[in-house]
Each structure stands twice: as C-alpha cells, then as structure tokens.
Amino acid sequence: MTDVQTTTETSDDLTASYDAVIVGAGFAGMYMLHKLRWLGFTARVYDAAGGVGGTWYWNRYPGARCDVQSLDYSFSFDSELEQEWEWTEKFSTQPEILRYANHVADRYDLWQDMQFNTRIEAAHFDEGAGRWIVRTDQGDVVSAQHVVMAVGTLSTPKLPETPGIETYQGETYQTQKWPHEGVDFTGRRVAVIGTGSSAIQSIPLIAEQAAHLTVFQRTPNFSMPAGNRLLDADEVAERRADYPAYRQMARESFFGIPIPGEPKMAFEVSDDERDATYQAGWEAGNLVALIGAYGDILFDKAANDTAAEFIRSKIRDIVDDPEVAEDLCPTDYPVGTKRPCLDTNYYATFNRPNVRLVNLRKTPITQLTPQGIDTSEESFEFDAIVYATGFDAMTGSLVAVNVRGVGGVELKEAWSDGPMTYLGLAVSGFPNFYTVTGPQSPSVLSNMMVSIEQHVDWIADCMVYMRDNGYSTIECTPEDQLAWVEHSSELGDQTLYPLANSWYMGANVPGKPRVFLPYIGGVGPYREKCDQVAANGYEGFKLA
Ligand code: N01
C-alpha cells in the first residue's frame, strides 16, 4: 500500500472530478448526495461498508435497535417518504432501519453515485487549484471542490487494551462489527465485556441463548425500560397528519425530540410530585424523559441525585441478589453524563441462574488467556467473548483519514489538543471541508436525524451561495473558530458532563484529550446560530 503520510497526488493521477466527495453512506451521506444532486451538483459517496446505512450496516448484534422512537428517527425532507414508509415498532430494530436506508437509496436512485467497499485513505487540499485531491484504498484518485465528512460519530470501534487479548483462542465478536449471518450461542459459555448501550441491548438476548453468560462490568450504566411495542395504526395516522408541525417542534427543541411544556426545577416541587414525575418518566420508555424531567438535572448535582437515586431504587427492586443489585447501581457519575440507555429486561437478566456479573472495580481483568479471562481473583474459560467496548467517538473516524489542509497541515495534528471547529461544521485551515454532526455541534446529544438534516441543508445552502456568488473557497477564520470552541466548552463546563469518564469527554480512549466533544446549547438555539451565520453572508468565514 502507498504511504499515505508522504504521498501527494498530482492532477495527472486523477480518475474523476466532482463538485463534492462525500465520505460515508449512512443517513448523512445519503441525504447529502440526494440534496446536492437535486441542486445540480455532481457528487460521489464512498463507504468502506458493503452497503448503505452507516452504523446500521455494522451494528447487527442481537437486540440492536434505535432508542429514539421510529416516528422521530426518520427523514423529514420529503413528505411523501414520510407518509409512505411503515414503521412497525415504537423503537425500530436494526434490520428495519437498514431496510429503510435501502429504501431511501432505491427511492432516490442513489446507488449510481455511491461506491462501496472503498475506504477514503487521504484527502489533500491543493492550494493552487483550490480543490481537494482524494484517494481511496481501491486506487481511485479524484478531485473535488468540496469534501463532506459524513463519517458518523460512533464508527471507529475500540477494543480494550487488555494484555494477552491476542492470545485468546476462542471465538471473538464485536458488537460494532457483528457477522451478517448472526451468531448462535446455544450451549456455549459466553463472556460480554462492557455494559454500555450495545451490551445492555444484547445481554438479555445472549443470556436467553447461551449455556452461561458472564458479564464483565467496569462502570455500571443507568438504564430504563424501553417499553417497546408494536405501533398502533391510530397513533401512526395521527403523527402522519401532524408531521409538519411535529417536525418543526423537533427542530426547535433542545434534543431534537419535542418535550411538551417548560420543565420546572427539581426542588420547585414536593418529593412526592418529583417521584410521580420520575415514575411517569420511567414508564414512558423515552431516553430523555427522566433527564429532561426537570430543567436542572444536567446542571445541578443535588437535582441530579434525585433522578439517579430513583433509578437506583428501581435497580434494587428488580434485581433479587442485593449484592448484584448494588454492583449494578451507578454511583460515581451523575445520571445522563454517560449516555443513558433503554433496555428490555436488562436488570432482570441478572436474576437468571445462567448469568453472572463480574464487577471489575472489585476484581479487575488482569489478562486474557488462550482459554478466557483472568481477573485479580479468578480464571474464567469461555467458548466466545463479545467485546461491547465502544468507539473512538466523534473524532476517531475524522482523524483516521489522512486529511491535509492549507500548508499540508494534517487534521490529526491540528486536533492534537482536542478538536477545533467552527459550529462543528468547518475547520480553520481546511477550506471547503465540512463535518456533518461534527464535534462542537449538538450531534450525539440530539436525535441524529434532526441534526443530520440541519447540517446537510446548511452545507448545501452554503455551496449554492458560493456558486451563485462566484466563490470557489470558503474557510472559517481561526478567531471565530476559537470563539466557538470556547463557547462550546464554557457551556459544557456549566453542566455535570465533565464529572463522568465518558466517551462524550474522550475519556474512554487512552491519550485522547479530555474535552467535552458535543455542543450542549440545544438543537433549536444551535440551528438559529447557524442560520444567522448564513444570513449574514457566512459570518466567521472567509470566502474567496
Ligand atoms: O459503547 P460504550 P457502546 N475493560 O462506550 C466498557 C450509541 N448506541 O457501543 O464505562 C472493561 O457506551 C466501558 O466501560 P467504562 C450510544 O450513543 C446507541 O455500548 O469505560 N470494560 C463501557 O461499559 C452509545 O452511548 C444505541 O468503564 C471496558 C463499554 O465497554 C454509543 O453508541 C445502541 C473496557 C462501552 O460502552 C456507544 O455504545 C448502541 C475495558 N478495557 C449504541 N473498555 C441505540 O440507539 C471499555 N469497556 C440503541
């Protein structure tokens, strides 16, 4: 393979030329392609996967489903699409979402401009031409005026750094790259490492199949029942009739999911009223029902404690063995500051005789062996190990590409102390380069569909503005970028998020700078800011 660090392609190597190269064929890349083509631009999408869907292409583990409700987690850009697609469950399964992604690709005839099994290795900005030269691992070298990174926020899987990991001889699986044909754990002794969203969804189903399941938990998570069910025809009809107004509320909301009314503060109400609100939130099966129940839960530790204690009391009610229940209770970070989870029978699974919880805070893993896993107290043997150990979130897939901007500066170097963006959309020194749902945008703190559509629309409008006004490059200024990064970080510091060792803080990847990665100003206000920037002739950008 060519050394991506040193190669600089010339225009003689080019195999094609586009207005835009789009990296990633998930929902962001698909909509970007559709929108740009509709506006008369040429564009090509590349994806390392064998098909569309992004995260929903890869994460096929048992129980994988979206924990934003189907009627919210779908495109709003075309009312016909919105009206014709039939979601079957409150929370869609991964296969159903993947069918939807394929339907979108068919419906808008996206396939002809998408190239799969192709990884973008490098993108270098040619200052003389004012264009990007993009190279794939399949030998394509293409030129593009714009590069749109639609790479996803949770798409670079992360394995543990455990000694001996390569010596284990049994079967290994990663939730983030699950085999397409599925896995049959019947009769097998299985380990799951990790207790984040992916583990919490898959553990109950693996437990039903396996002869024995051992769950290795480093940090317990707050999870609430999903209350999944089939959608009923009346509620679907009602939503369809009201979709335009509902979508508008979502766009103006804090999380990209409408929550009716202005929340009170937790201590403005009596203990009984608060408990009743939390109980209703627990039964609602809605990711933000509890953390959004009061306006101060993500900002005030005492308020947060009331919600956290409510969930801990539920865990203690559900789990029979008091010691296991205590091990499952998160105590060292505020609820909501690690991504909360929705589950189906997660805590109850630990009442099964074939399931054991190993608390790694008490007995850490010391090594993997050819047969299994050693902790400080015990040696375990397994037929299969499932790694549900997460991702190098938000920046991992952006810096994995050898992106070089003005002066040959590499994105990875520019971000060595943490990502620097303007609006989570653009990076100083990297003209005509856009990050869909990038760091310092609401992104992972929002309904991704709402944020994806907002970014794609903004980028497309920007490209039209450039075309109409005869500009060939756009680049944010370092001053405006710094001001945005500082603003984003100041907002983050006003919340409880920095108190957790979460992937939101980059804390799950050794050596990654500890900074709060998403923007917590809310989807609605953030959109207003982006619109204002555009309305003011792309304030904060240099156009040339
Ligand atoms: O990953 P995670 P995920 N030894 O990072 C543990 C989205 N998502 O794939 O917390 C032992 O949450 C780690 O422990 P700790 C969603 O945004 C959405 O589950 O670092 N354990 C943690 O328990 C989610 O947040 C959906 O101490 C180790 C786990 O592995 C995000 O994706 C479904 C370890 C990783 O949890 C990521 O979720 C699934 C080690 N060396 C995912 N290293 C839905 O919409 C890591 N861990 C439903």
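Given the structure is predicted, the values throughout are model-derived calculations rather than measurements. (Residues numbered from 1 in each chain as written. Predicted model: local features only at pLDDT ≥ 70, side-chain atom pairs only at ≥ 80, totals over all residues. Heavy atoms only, no water.)

The subject of this paragraph is the site of the ligand. Close contacts around the ligand come from 23 residues, with Arg65, Ser198, Arg218, Thr219 and Lys338 the closest. In this structure, an oxygen atom belonging to the ligand sits 2.9 Å away from a main-chain N or O atom of Thr195. One nitrogen or oxygen atom from the side chain of Lys338 is found 2.8 Å from an oxygen atom belonging to the ligand. Coverage of the ligand by the protein chains reaches 88% of its 910 Å² of free accessible surface. Broken down by element, the residue count for the shell around the ligand peaks at three residues, all from helix H5 (residues 197-209). When the residues that make up the shell around the ligand are grouped by side-chain class, the tally is nine nonpolar, nine polar and five charged. (Near = heavy atom within 4 Å. Polar contact = N/O pair within 3.5 Å; in protein donor to acceptor, adjacent residues only side chain to side chain. Areas by Shrake-Rupley, 256 points an atom, 1.4 Å probe, with all protein chains shown as cover. Helix = DSSP H or I, 4+ residues; strand = E, 2+ residues; numbered from the N terminus. Nonpolar A, V, L, I, M, F, W, Y, C, P; charged D, E, K, R; others polar.)

With that out of the way, let us pick up the nonpolar core. Nonpolar side chains tend toward joint burial in soluble globular proteins. With 132 residues, the main nonpolar core has Phe27 and Phe185 as its most contacted residues. Here the element with the most residues in this core is helix H13 (residues 448-469); it accounts for eleven residues. What Phe27 contacts, discounting residues up to four positions off in sequence, is Trp56, Tyr73, Phe75, Ile97, Tyr100, Ala101, Met449 and Ile452. With 23 residues, the next largest nonpolar core counts Trp132, Val151, Leu398 and Leu411 among its residues. (Core = buried A, V, L, I, M, F, W, Y, C linked by side-chain atoms within 4.5 Å. Buried < 20%, exposed > 50% of the residue type's maximum accessible area, 1.4 Å probe, protein only. Contact = heavy atoms within 4.5 Å.)

One can find His34 in helix H1 (residues 27-38). Among residues more than four places away in sequence, those in contact with His34 are Phe77, Tyr108 and Leu110.

Right, let's get into the pattern of salt bridges. One pass over the full model with this rule turns up 27 salt bridges. Beyond isolated ion pairs, a larger network of salt bridges with shared partners links Asp78, Glu80, Glu84 and Arg107. (Salt bridge = Lys/Arg side-chain N within 4 Å of Asp/Glu carboxyl O.)

Turning next to the sheet that holds strand E14 (residues 372-375). Pairing in this open sheet of three strands is antiparallel, and the strands run E13-E14-E15 from one edge to the other. A single partner strand is all that each edge strand has here, and the edge strands are strand E13 (365-368) and strand E15 (379-381). Shown here is a sheet whose adjacent strand axes are inclined to one another by a mean of 20°, direction ignored. The pairing of E13 with E14 spans three bridges and is antiparallel. Within E14, the residue paired with Gln367 across the bridge is Asp374. (Pairing = 2+ DSSP bridges. Axes fitted to C-alpha atoms, helices over the stretch in contact; angles between N-to-C directions.)

The next point concerns the pairing of strand E2 (residues 43-46). The two faces of E2 match: Ala43 and Val45 on one face and Arg44 and Tyr46 on the other face are all buried. Bridge count between strand E1 (residues 16-23) and E2: four bridges; the pairing is parallel. Paired with Val23 across the two strands is Tyr46, which belongs to E2. Traced from E1 through H1 to E2, the parallel crossover comes out right-handed. Pairing of E2 with strand E3 (residues 114-115) involves two bridges; the strand directions are parallel. Looking across to E3, one finds that Tyr46 is bridged to Gln115. (Right-handed = clockwise from strand over helix to strand, strands pointing away.)

Here the focus is the state of the cysteines. The tally for this structure, following the rule as stated, stands at zero disulfides. Unpaired in this structure, Cys66 has its nearest cysteine sulfur neighbour in Cys341, at a distance of 13 Å. (Disulfide = S-S within 2.5 Å.)

Running from N to C, H1 and H13 point in directions that differ by 35°, and their axes come no closer than 9 Å. Crossing of H1 over H13 shows right-handed handedness. Of the residues in H13, those touching H1 at Phe27, Ala28, Tyr31, Met32, Lys35 and Leu36 are Met449, Ile452, Glu453, Val456, Asp457, Ile459, Ala460 and Met463. (Left-handed = near helix turned anticlockwise from the far one by under 90°.)

Here the second largest pocket is characterised by a volume of approximately 590 Å³. Residue lining of the second largest pocket: 28 residues in total, with Tyr246, Pro258, Ile259, Pro260 and Asn286 positioned closest to the centre. For the lining of the second largest pocket, the elements supplying multiple residues, two or more each, are helix H6 (233-252) and helix H7 (271-284). If you tally residues by element for the lining of the second largest pocket, the top one is H6, at six residues. (1 Å grid on protein atoms, 1.4 Å probe; cavity = no way out; pocket = protein on both sides within 12 Å on 5 of 7 lines; lining within 4 Å. Points joined across faces, edges and corners; volume = space filled by probe spheres on them.)

Okay, the sheet that holds strand E9 (residues 212-217) next. The five strands lie next to each other as E7-E16-E8-E9-E12, forming an open sheet whose pairing is parallel. Pairing within the sheet leaves two strands with one partner each, and these edge strands are strand E7 (171-174) and strand E12 (355-359). Here the average twist between neighbouring strands, direction ignored, is 20°. Both strand E8 (residues 189-193) and E9 contribute to a ladder of five bridges, which runs parallel. In the strand pairing of E9, Ala191 is matched with Thr214.

Counted by the stated rule, this structure contains seven cavities of 30 Å³ or more. In this structure, the largest cavity spans a volume of roughly 50 Å³. For the lining of the largest cavity, the residue count by class is four nonpolar, three polar and two charged.

Within the secondary structure, Lys90 is located in the loop between helix H3 (79-84) and helix H4 (94-107). Of the side chains bearing the opposite charge, Glu235 lies closest to the buried Lys90, which forms no salt bridge; the N-O distance is 8.2 Å. Within the local environment of Lys90, its side chain forms a polar contact with the backbone oxygen of Gly227, the two atoms lying 3.5 Å apart. Excluding its chain neighbours within four sequence positions, the residues that come into contact with Lys90 are Gln69, Ser70, Ala226, Gly227, Asn228, Arg229, Leu231, Ala284 and Gly285. (Lys, Arg positive; Asp, Glu negative; His and termini not counted.)

In this section: the environment of Ser202. Relative to the helices and strands, Ser202 is located in helix H5. The spatial distance from the C-alpha of Ser202 to the C-alpha of Trp87 is 22 Å, given a sequence separation of 115 residues. Apart from the residues lying within four places of it in its own chain, the contact partners of Ser202 are Tyr61, Pro62 and Thr175.

In this structure, Asn117 is a non-glycine residue whose phi angle is positive, near 50°. Notably, Met394 is not glycine yet its phi reads approximately 70°, a positive angle. Of note, Met394 is situated in the loop between strand E16 (384-387) and helix H11 (396-399).

This part takes up a negative patch on the surface. Residues Asp232, Asp234, Glu238 and Asp242 make up a contiguous surface patch of negative charge. Tracing the chain through its elements places Asp242 in helix H6. Judged by relative accessible area, which is 36%, Asp242 ranks as partly exposed. (Patch = residues over 30% accessible without salt bridge, like charges linked within 9 Å, V, L, I, M, F, W, Y side chains within 5 Å. Charge placed at Lys NZ, Arg CZ, Asp CG, Glu CD.)

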